[in-house]
Amino acid sequence: MLCTSVMAASLAQAPRPSDDVSLAALASESLGIGFARAEDDWRDLHQEVREGRLVALPTLLDWLDERYDGQVLEVELERDDGRILYEIELVGAQGQVVEFEFDAGSGELLSIEGVGIDAMQRPAPRDAD
C-alpha cells in the first residue's frame, strides 16, 4: 500500500499537485522508503490526475470547503487493494477531527468518520434567483 501524507494549515494552504518533490520527500521520510521510489510513485499518481484517471485534490478540497467548516489537518493518498483513496482529515471549530474518505478515481465520498460532524456542516447554498 502506498500512502502519501501531507500536513496543511487550512484549505487555502492545502498542497497542490505542483508540490510533487516536497510530497515525495515527505512520503519517503514518513514511510521509510527511498526518495527516488516515493518520487516515482507520486509522479505516477500525479500523471494519473493529469490524464483524468484520478480526481485532482483541489477538486475534493473545494467540495469539502463548500459543505464543511474546518481546516485541513491531514491528507493521505493511498493505494489499498488496487483501489486509490483520498483520506482527508478536517479539524472543526470545537476541536473535533473528522475523516472523509473519497474514491480517487470517481471522487465519490465513501465514508465520514468522527464526532461533531453536524456542527461542521455549512448551510446548504441557496439557488440564485
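*Asks:* What am I meant to see in the overall build of the chain here?
*Replies:* When helices and strands are tallied, the chain shows 4 helices and 5 strands. Contacts in the chain between residues far apart in sequence, at least 24 positions, make up 47% of those at least 6 positions apart. Only carbon and sulfur atoms are counted for the fraction: they give 47% of the accessible area of the chain, which is about 7,300 Å².

*Asks:* Honestly, the packing of aromatic side chains in this entry has me stumped. Any pointers?
*Replies:* Here the distance between the centres and the angle between the planes together describe a pair of aromatic rings. As enumerated under the stated definition, the model contains 2 aromatic pairs in all. With a centroid separation of 5.7 Å and an interplanar angle of 85°, the aromatic rings of Trp63 and Phe102 are classed as edge-to-face. Linking Trp63 in helix H3 (residues 57-67) with Phe102 in strand S4 (residues 97-103), this pair joins segments that are 39 residues apart in sequence.

*Asks:* I'm lost on the pairing of S4 in this one. Help?
*Replies:* Within a regular strand, the side chains alternate between the two sheet faces. With 6 of 7 residues buried, S4 lies mostly within the body of the structure. Both strand S3 (residues 83-91) and S4 contribute to a ladder of 7 bridges, which runs antiparallel. Residue pairing in the sheet places Ile88 in a bridge with Phe100 of S4. Hairpin connection, S3 to S4: the antiparallel pair is bridged by 5 residues, and Gly95 has positive phi, about 85°. With 5 bridges connecting them, S4 and strand S5 (residues 109-114) associate as antiparallel partners. Looking at the pairing, Val98 lines up with Gly114 of S5. Remark: 5 residues form the turn of the hairpin made by S4 and S5, two consecutive strands paired antiparallel; Gly107 in that turn has positive phi of roughly 85°.

What counts and what doesn't
Residues numbered from 1 in each chain as written. Predicted model: local features only at pLDDT ≥ 70, side-chain atom pairs only at ≥ 80, totals over all residues. Heavy atoms only, no water. Helix = DSSP H or I, 4+ residues; strand = E, 2+ residues; numbered from the N terminus. Contact = heavy atoms within 4.5 Å. Areas by Shrake-Rupley, 256 points an atom, 1.4 Å probe, with all protein chains shown as cover. Phe/Tyr/Trp six-rings, centres within 6.5 Å; stacked < 30°, edge-to-face > 60°. Buried < 20%, exposed > 50% of the residue type's maximum accessible area, 1.4 Å probe, protein only. Pairing = 2+ DSSP bridges.

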